[in-house]
Amino acid sequence: MSIQHEVPSYLTPRDIGPWGVYLEQIDRVTPYLGTLARWVETLKRPKRILVVDVPIERDDGTIAHFEGYRVQHNTSRGPGKGGVRFHQDVTLSEVMALSAWMTVKNAAVNVPYGGAKGGVRVDPRQLSMGELQRVTRRYTSEINIIIGPTKDIPAPDVNTNEKIMAWMMDTYSMNEGSTATGVVTGKPISLGGSLGRQEATGRGVFVVGCEAAARKGMDIRGARVAVQGFGNVGSVAARLFAEAGARVVAVQDHAGTIVSEAGIDVAALQAHVGQHGSVGGYRNAESIADREAFWDVDCDILVPAALEQQITAGNAHRIKAKIILEGANGPTTPAADDILHDKGVLIVPDVIANAGGVTVSYFEWVQDFSSFFWTEDEINLRLTRIMRDAFESVWQISVDKKVSLRTAAFIVACTRVLQAREMRGLYP
Ligand SMILES: NC(=O)c1ccc[n+]([C@@H]2O[C@H](COP(=O)([O-])OP(=O)(O)OC[C@H]3O[C@@H](n4cnc5c(N)ncnc54)[C@H](O)[C@@H]3O)[C@@H](O)[C@H]2O)c1
């Protein structure tokens, strides 16, 4: 059943983009919301959208203009929280969808945030370091009026990093007249960043992977793991699985695919990638030329940790894994989701599986407020507890209501958001 949605005047109805995918997900969960369904329209409309012009002077003296966005999808449960993406293809629809998925993710793991996201339509590879800094600072100044440690806290996303977070924090602080470390997370440690933040997403993937394996009666020791994407998320998850006794039998990145039935030495592969930029050319595993063959690899656990829409109706039937852990955002299309569900594959959805990053961002924000910093052990212990609790509540709902973990995660999250909405009441 397809429901016709009212498309806001600022989106093109025939090309509604990722926002349309999100609306479909909300339709799937609505029947499970009981009387709270009365408020569901709240989730289908971002609370606040700011579109800004970001002009900079280029190094050659010309003036360039870029389009920037900050979308606060929902702030019923707390300030907005979500990354900033610098990419030439960023659209308002995409930023709206990503902000809404942050609302769901933050509520699913029960951190006290709403959902937000930002973006600038720019290819940062075309900018010098000075130009990149000017784009970052002008964009931050333009969105300054709606961000802040108690209002909306940006973080890194695609093509943004701790250096950019440092510039954002400095720009905001200069505009406010006082140093505000808590305005962004994912900062360098020396500026109020948190220990464990860099590894947090991969660690969260590993923690929910262990929970999922336990429910499936699968022993992590000896389990065969295949990982797509060997960056921040994929390489950390692979390392933790290997340390727990699993065998990493396949790794694919943008430039290569390698397999080894005996297991890949993850530390050696990390060193290779650090030196050469890709898994391509790694000698202690077999290299496969046909990229599509990655999906045929005999494995127990598959971790897509690269890009969106990698697992599709075209390759879902080839997948042999019993468990899929979505390290990436949106790696599985809805059609593939249905095929894998019918095959009995357990998919731990992105809104739970990769929530370790925002969880430790939350710790960073708390530490900045109190100016008291925790040890890495404390951070990892608290992260593990939050991820396990989140998995357990979603698991229970999925068993009780006989729905997928994705629908269950949306039920848990949307119920929390709409309960907050109802308890606060409608202003005025
Ligand atoms: N870093 C985080 O804290 C975090 C948090 C939540 C979600 N995510 C999501 O996880 C995913 C990966 O993020 P990351 O931070 O590890 O990025 P990254 O840039 O560190 O790594 C990305 C990896 O994907 C690989 N890749 C790129 N194109 C590919 C292709 N076509 N086929 C196979 N591999 C390809 C790259 O080679 C690289 O190994 C993204 O979807 C991101 O949104 C990241």
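What you see is a predicted model, and the numbers here were worked out from it, not measured in a lab.

> Looking at this structure, I do not really get the sheet that holds strand E10 (residues 301–304). What am I missing?
Whether parallel or antiparallel, the strands of a sheet pair through hydrogen bonds between backbone atoms. Read across the sheet, 7 strands follow the order E9-E8-E7-E6-E10-E11-E12 without closing on themselves; strand pairing throughout is mixed. Edge positions in the sheet fall to strand E9 (286–287) and strand E12 (346–348), since each has one partner strand and no second. Of the pairings in the sheet, the one linking E10 to strand E11 (residues 323–325) comprises 2 bridges and is parallel in character. Across the sheet, isoleucine 301 pairs through a bridge with isoleucine 323, a residue of E11. On the sheet, helix H5 (residues 197–215) packs against E10, E11 and E12 and is oriented at approximately 160 degrees with respect to E11.

> Would you mind going over the site of the ligand with me for this structure?
Around the ligand, the structure places 19 residues, and the nearest of them are Gly229, Gly231, Asp253, Ala328 and Gly357. Taken together, the elements giving at least two residues each to the shell around the ligand come down to helix H6 (232–243) and strand E7 (247–253). For the shell around the ligand, the element with the most residues is H6, which contributes 3 residues. Class assignment of the residues belonging to the shell around the ligand gives a composition of 6 nonpolar, 12 polar and 1 charged.

> Before we go on, may I ask you to explain the sheet that holds strand E5 (residues 152–156) in this structure?
Taking strand neighbours across the sheet as the criterion, the 5 strands line up as E1-E2-E4-E3-E5 in an open arrangement whose pairing is mixed. What marks the edges here is a single partner per strand, and that holds for strand E1 (48–57) and E5. Averaged over neighbouring strand pairs, the angle between their axes works out to 20 degrees when direction is ignored. Where strand E3 (residues 80–86) and E5 come together, 5 bridges link them in parallel fashion. Bridging across to E5, lysine 81 finds its partner in isoleucine 153.

> Hey, could you run me through the environment of aspartate 15 in this one?
As for its position among the elements, aspartate 15 is in the segment before helix H1 (18–29). C-beta crowding within 10 Å serves as the criterion here: with 9 such atoms nearby, aspartate 15 is assigned to the exposed category.

> Any chance you could explain the nonpolar core here in plain terms?
For soluble globular proteins, the rule of thumb is that nonpolar side chains tend to be buried together. Judged by nonpolar contacts, the single largest core of 126 residues is most densely connected at Ala108, Val225, Ala237, Ile352 and Val394. Sort the elements by how many residues they give to this core and helix H2 (residues 92–108) lands first, with 11 residues. Looking at which domains feed residues into this core, each of domain 1 (46–179) and domain 2 (199–353) gives three or more. Other than its neighbours up to four places away in sequence, valine 394 contacts Ala108, Ile352, Leu405, Ala408, Ala409 and Val412.

> In this structure, what is going on with the UniProt feature "site: Important for catalysis" (unreviewed entry) in the protein chain? I would like to understand it.
Listed under "site: Important for catalysis" (unreviewed entry) in the UniProt record, and renumbered for this structure, are Asp157. Residue placement: aspartate 157 occurs in the loop between E5 and helix H4 (162–176). For aspartate 157, the residues in contact, after removing those within four places along its chain, are Gly83, Val84 and Arg85.

> Can you walk me through the pairing of E7 in this structure?
The two faces of the sheet receive side chains in turn, since in a regular strand these alternate between them. When you tally the buried positions in E7, you get 6 out of 7 residues, the bulk of the element. One ladder, built from 5 bridges, connects strand E6 (residues 224–228) with E7; its direction is parallel. Directly across from valine 227, in E7, lies its bridge partner valine 251. Once you follow E6 into H6 and on to E7, the crossover reads as right-handed. In sequence, E7 turns back onto strand E8 (residues 256–259) through a hairpin of 2 residues.

Parameters and conventions
Residues numbered from 1 in each chain as written. Predicted model: local features only at pLDDT ≥ 70, side-chain atom pairs only at ≥ 80, totals over all residues. Pairing = 2+ DSSP bridges. Helix = DSSP H or I, 4+ residues; strand = E, 2+ residues; numbered from the N terminus. Contact = placed C-beta atoms within 7 Å. Axes fitted to C-alpha atoms, helices over the stretch in contact; angles between N-to-C directions. Near = placed C-beta within 6 Å. Nonpolar A, V, L, I, M, F, W, Y, C, P; charged D, E, K, R; others polar. Buried ≥ 20, exposed ≤ 12 C-beta atoms within 10 Å, placed from the backbone. Core = buried A, V, L, I, M, F, W, Y, C linked by C-beta atoms within 7 Å. Domains from an automatic or database assignment. UniProt positions renumbered as here; feature names shortened; annotations may be inferred. Right-handed = clockwise from strand over helix to strand, strands pointing away.

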